[in-house]
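Here is how the chains run, residue by residue.
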2 protein chains.
Amino acid sequence: MTIVRRFSACRSGAVAAFWAVAVFSLPAAPAASPSLNLMPVPSQVTVTGGTFRITEAAAIGMVGDAGERSRKAAARFMERLAGRTGLFFEQDFRTGLAKPDEAGFLFKSGGVGPLDGTADESYALTVSPDRVLLVAPTDIGVLRGLETVLQLVDADDRGYFVPCVQIEDRPRFRWRGLLIDAGRHFMPVDVIKRNLDGMAAVKMNTFHWHLTEDQGFRLESLAFPRLHAEGSDDFYYTRDQVREVIAYAADRGIRVMPEFDIPGHSTSWLTAYPDLAAAPGPFRIERRWGVFDPVFNPADESVYDFFDCFFQEMAALFPDPYVHIGGDENNGRQWDANPEIALFKQRQGLADNHALQAYFNDRILKILAKYGKKMVGWDEIFQPGLPRDIIIQSWRGRASLFESARRGYAGLLSNGYYIDLCETAEKHYLNDPLPDDVALSNAERRLILGGEATMWSELVSFETVDSRIWPRTAAIAERLWSPLEVRDVEDMYRRLDTVSVRLEELGLLHIKNQDMILRRLAGRVDIGPLKTLVEIVEPLKGYSRQNQTPRYTQLSPLTRFVDAASPESRIARAFRRAVDRFAETRDRTLVEALRRPLERWRANKDSLRPLIQASPALLEIEPLSQALTTVADIGLLALDVILAGTAPDAAWAEDRLKVLEQAKKPKAHAELAIVSAVAKLVRTTVGK
Amino acid sequence: MTIVRRFSACRSGAVAAFWAVAVFSLPAAPAASPSLNLMPVPSQVTVTGGTFRITEAAAIGMVGDAGERSRKAAARFMERLAGRTGLFFEQDFRTGLAKPDEAGFLFKSGGVGPLDGTADESYALTVSPDRVLLVAPTDIGVLRGLETVLQLVDADDRGYFVPCVQIEDRPRFRWRGLLIDAGRHFMPVDVIKRNLDGMAAVKMNTFHWHLTEDQGFRLESLAFPRLHAEGSDDFYYTRDQVREVIAYAADRGIRVMPEFDIPGHSTSWLTAYPDLAAAPGPFRIERRWGVFDPVFNPADESVYDFFDCFFQEMAALFPDPYVHIGGDENNGRQWDANPEIALFKQRQGLADNHALQAYFNDRILKILAKYGKKMVGWDEIFQPGLPRDIIIQSWRGRASLFESARRGYAGLLSNGYYIDLCETAEKHYLNDPLPDDVALSNAERRLILGGEATMWSELVSFETVDSRIWPRTAAIAERLWSPLEVRDVEDMYRRLDTVSVRLEELGLLHIKNQDMILRRLAGRVDIGPLKTLVEIVEPLKGYSRQNQTPRYTQLSPLTRFVDAASPESRIARAFRRAVDRFAETRDRTLVEALRRPLERWRANKDSLRPLIQASPALLEIEPLSQALTTVADIGLLALDVILAGTAPDAAWAEDRLKVLEQAKKPKAHAELAIVSAVAKLVRTTVGK
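Thresholds, definitions, all that
- Residues numbered from 1 in each chain as written.
- Chains lettered and ligands numbered in written order.
- Predicted model: local features only at pLDDT ≥ 70, side-chain atom pairs only at ≥ 80, totals over all residues.
- Heavy atoms only, no water.
- Least-squares fit on C-alpha atoms with pLDDT ≥ 70 in both.
- Contact = heavy atoms within 4.5 Å.
- Buried area = accessible area lost by both parts, 1.4 Å probe.
- Salt bridge = Lys/Arg side-chain N within 4 Å of Asp/Glu carboxyl O.
- Polar contact = N/O pair within 3.5 Å; in protein donor to acceptor, adjacent residues only side chain to side chain.
- Helix = DSSP H or I, 4+ residues; strand = E, 2+ residues; numbered from the N terminus.
- Core = buried A, V, L, I, M, F, W, Y, C linked by side-chain atoms within 4.5 Å.
- Buried < 20%, exposed > 50% of the residue type's maximum accessible area, 1.4 Å probe, protein only.
- Axes fitted to C-alpha atoms, helices over the stretch in contact; angles between N-to-C directions.
- Parallel < 35°, antiparallel > 145°, perpendicular 65-115°, else oblique.
- Left-handed = near helix turned anticlockwise from the far one by under 90°.
- Phe/Tyr/Trp six-rings, centres within 6.5 Å; stacked < 30°, edge-to-face > 60°.
- Pairing = 2+ DSSP bridges.

Trainee: Requested: an account of the relation of the copies chain B and chain A, with residues and values cited.
Mentor: In screw terms, the move from chain B to chain A is a rotation of 180° and a rise of 0.0 Å along the axis, fitting with an RMSD of 0.0 Å. On this basis, the relationship between the two copies can be described by a two-fold rotation axis. Counting the interface residues of chain B, we find that 100% of their copies in chain A are interface residues as well, pointing to one common contact surface.

Right under this line is the structure:
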């Protein structure tokens, strides 16, 4: 895979400027948006001027052997276009195609692309006043291009249109994945499907299905039915559902790679088949979170017989060339405690548990190879001597990724893309799998295949998972698709807001479940003051929330106030930006935009109180609500001081900053996301 | 089935009073709700005083042969309880049961109830400070009782509790159904599942799955694969999905009755198998709405061979004893035009098309009987001489239902429960299948089995269907479960608000998709002024919307402003009630509650304008927005006049009423639901 660098010959800082200039040079329609909302940004865009108007007569047509996949995608495209514009298209777009010369939307595909990670996903899009012409070497390229067209749709006072552009686009990395952990919390088929739609919308191409965990074995097995019968609490995918998901993904140009995490992380397997464990059973499905002892016995030949039979079944069920075997976080305790295993290590000349796991992996690798599959695993599986077609997925960091590449192994980056940790989109966005300055040869660089966002599910349920994935994953998708130089954070956020709303078209619940959780907590429809608070709150970052009390388990409700909070508050971010600008410029016209929200926040406590009093589940947010009033009050005071231009009072500022430190501390497993901005206002009073 | 009349010996008007008195006689906890929120109202409730406090230690236990169904239901119960209260229960409620004497929630079931419409669904619930004891003759009764417990959960400043009550409950009718039309617009499995959960929450027991229509054949057939391959646009349920839905319903004590609408409404079938039609093909999946010509050929023996084979397959797939064959709206044109059919009628001595359809039905009946199924059909199937185990479902009206009963046939009422027509909950609620004064013998009365809400899907998609079903269907559920005397409309609405929010726990989208549709239309997250408008707007009632232009087809987007509007506006209703009260009492303390919303509505136009300007799809609401300003302005003027106590000005009032008439007219396929209230204010100025 070659790294594409065709982004209009402009680099890093100039990118936003490019967008602005290109669009502003248009003979712009009066109400047209000031810039395009493409995400990921294509490799090359030229705005050519003029518009293709979308009317009821707009129809799709196809040229060449487009195949069933692009035919279906075109019908979905028209449906989404109708949904967004309210237009009643005249074409029966489900069964009919317009003749090429009568098609407003004309698609040409060179043929059906393979779903194995090697497909050419490039496309060329030419929008002229008469036609939207999409040409791609494969139907997968057509799919990617259709998403671009939908993102281009804009409106002015004459109606909806596609701006005339010339786009040449291809991905920078060929592996752009999303992992969903269905092991810890089961994610029903509809959750998976709508997230596949979300992935397709931002041109991701690999769904990494984490199917087994200490806390659940989520897949029907014909060969070993006790796995799902005893290891899942009855929350598992049937084989038919697996096929349904694979077909659904394939229709969207997305591969499905299953993960069966072994030899650790396997309590649920061993609950069903305790004889395969390295320690005597019985075992029970784990309810807590963490790293646990149960592990397969690598010294037991019947374990390999089991996996031979198991992977034979799974190799037939999953068409993808790769199977992920996990391989992470085996604490080795059961291995150390088992004298037979000690003896086995001695006999095999295996110095330590790392070597023992390497032995195990090697046996599994041979089984996979027998059934035509290649192996993927987390950093821990790396060992010299592995065949060169395996892939290392790095949760530990880029250094480990680069190190594998230097040794000749392909790799994927996930470190820095842990979306379960509720970090900012910015942080993920700037985490490049292959920065310009890394010391790798070109051949080694080609071994960095891409990356995956990982949605671990300790603290998400089917109700909240969408809100942890979206919209931040769109920023990761852009990182993996767009040229290296595309890294303007402000522009990314601007586009992310639009993308977020459009993702709702696909049934994603990332926005709407916020209010739903608040309504449930309040037991009523009107939740104004709760909403005011939740909008500027973020869940604790990293692993802090897991370390709060009460300690979360698999059975804990994830329906609290903190679960309604977005990982990254839009409103708090806008407020921080406004403070930054004000602190820098002292522009008095900005004051109202700061004062108004601060006043609203200061007053919120009183209107929130009756809701808290009616709902014991909301009691925990009383301190958060109090803190907001305190913080807003300080913000307003600081504003007054700045505006009055009185002499700096260092002691007052010092005191207020201490109060803010307290206000910032975790409350109800969440934190106020405006405190740093108010602290900045306070520091501004003393000229800092 | 016997009609139960044990509602606490109090009747109609006294019902609300009963609730109030019973609860107010409690040594009430300070913040306790003023009344219970049960829906449907149980046959007998006694509030005994005191509370069962819900703590982390609360655990479920079971006595007797409860079976897998109630075991699973109990785990779901605990999950929902945790979700609502935020409590981290100590019990591993998925795999463990507490010992009976340690179980806070103790369930006793007499055994597994049959899912054929004859199960005893009664239960007795005794809540004391120490225990919630639920006893039922069948596990289905346990399920019904668990929903009651969840509805009883309340809170005060000490936390969550169940009030101590003694409830004896059983349904008035044994058939309480919801029809979902998946033919006209396909409804994916997740839509069906979440609506099954909604049904269970309000104790409905029959899911009527309308699977075939002119516009789509929605079911995989092994025997006749062209049915789904050519008749569905690829939107169909696989046989596995059907089994999945049936199992999901069964877990919730709900039967699944399939409907295959024949001999008319069958364009999709005949698209696949044109030789079975009464006229020469080819046919195409119908996109328009209405009654169409294509019909099976009743004179063709191969049609009966086809159905024999078809129903053999379906009889094996669907375990329910009943199969619904539709039978409605055959316009007879193709029969009239076919000389072979004319000859056939002559030979068989069939006087008219009605007799011919009776012949057809009789042949189908015999096929169904051969495969062990009983027949259900719409009014049109009724004919003398049918066996007595068939059921007539009345879409035409109660008269036809009673007439069938007099002739000895069992019947279901659907007339008056057409929830697709966007009527008020009140209207459905007061539509009793068996009023006291109807002239039927006791034996005939027993033939009225119940009724079904019908969700026809011409104008709903998978995105909006929940909002047309809920919460109004809960009022129908109450009509069919609760005693005849329970008919206090105000109290019903009060409880409906609570039920509506709680239904969201089950994943239903009826509330949250309103904002989503508005966000999509506006292309942004902040939709305040759109929300202000949509909240007091209702879609056109009855069939008026279908008669608007542009004409709707199956491919039309249902993503417009009107699709975001609720069938019945909560806020408009509250405003109407407030006006009623004010007009009656002239109580000046009510004025602010009228003035505030009127002022907000009057001002809304200006804040809405930029949103409309940015979105051509919103242009159509400009007149609606203008009308709101006009109406609100008139309302405020009328208020001023009333308060000033000036002399009546009949001409002014007359003029204003004319303006209001105009304002009330359909705009954007919707209407303002506050106009009648403002007209009342105007009339009040002249003392009417």
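Having seen the model, we can carry on.
Trainee: Please provide a residue-by-residue account of the interface of chain B and chain A, values included.
Mentor: On the chain A side, the residues contacting the 56 residues of chain B number 56 residues. Taking both partners together, chain B and chain A bury about 4,800 Å²; carbon and sulfur atoms supply 58% of that area. The shortest N-O distance in the salt bridge between D92(A) and R287(B) comes to 2.8 Å. At the boundary of chain B and chain A, one finds 14 residue pairs in polar contact (both at pLDDT 80 or more). Elements with a contribution of two residues or more to the side of chain B that touches chain A: α2 (67-85), β6 (154-156), β7 (159-169), α6 (239-251) and α18 (512-522) of chain B. For the side of chain B that touches chain A, the leading source of residues is α18(B), giving six residues.

Trainee: Residue-level account of the nonpolar core, with values.
Mentor: Counting 106 residues, the largest nonpolar core has F561(A) and F105(B) as its most contacted members. Examining the composition of this core, we find that eleven residues originate from one element, helix α23 (residues 622-644) of chain A, more than from any other. Setting aside residues up to four positions removed in sequence, F561(A) forms contacts with L518(A), L521(A), L530(A), L533(A), V534(A), V537(A), L618(A), E620(A), I621(A) and L624(A). Counting 105 residues, the second-largest nonpolar core is a separate cluster that includes V256(A), Y359(A), I390(A) and W470(A).

Trainee: An account of the packing of helix α21 (residues 570-585) of chain B against helix α22 (residues 591-614) of chain B is requested, with residue identities and associated values reported.
Mentor: All names here are of chain B. With their axes 10 Å apart at the nearest point, α21 and α22 run at an angle of 135° to one another. The orientation of α21 with respect to α22, classified from their angle, is oblique. Judged by the sense of rotation from one axis to the other, the crossing of α21 with α22 is left-handed. Side by side, α21 and α22 meet where I571, F575, A578, V579 and F582 of the first sit next to V591, L594, P597, L598 and W601 of the second.

Trainee: Give me the lowdown on the packing of aromatic side chains, citing residues and values where you can.
Mentor: We describe a pair of aromatic rings using the distance from one ring centre to the other and the angle between the two ring planes. Residue and element names in this part refer to chain B. Overall, the coordinates contain 72 aromatic pairs over all chains when judged by the stated rule. Centre to centre, the rings of F224 and F306 are 4.3 Å apart; their planes meet at 45°, and the pair counts as tilted. In this pair, F224 sits in the loop between β11 (216-217) and α5 (226-231) while F306 sits in helix α8 (residues 301-317), placing the two residues 82 residues apart along the sequence. For F224, a relative accessible area of 14% gives the class buried. Accessibility expressed as a relative area gives 5% for F306, which makes it buried. Here F382 and Y409 contribute two aromatic rings whose centre-to-centre distance is 5.3 Å and whose plane-to-plane angle is 80°, an arrangement assigned as edge-to-face.

Trainee: An account of the sheet that holds strand β12 (residues 255-262) of chain A is requested, with residue identities and associated values reported.
Mentor: Residues and elements named next belong to chain A. Pairing within the closed barrel is parallel, and its eight strands lie in the order β8-β9-β12-β13-β14-β15-β16-β17. Taking each pair of neighbouring strands and ignoring which way they run, the sheet shows an average axis angle of 25°. Strand direction decides the pairing type here: strand β13 (residues 322-326) and strand β14 (residues 374-378), joined by three bridges, are parallel. Across the sheet, residue Y322 finds its bridge partner in β14, namely K374. The strands that helix α11 (residues 353-370) touches are β12, β13 and β14; relative to β13, the one it contacts most, it runs at about 160°.

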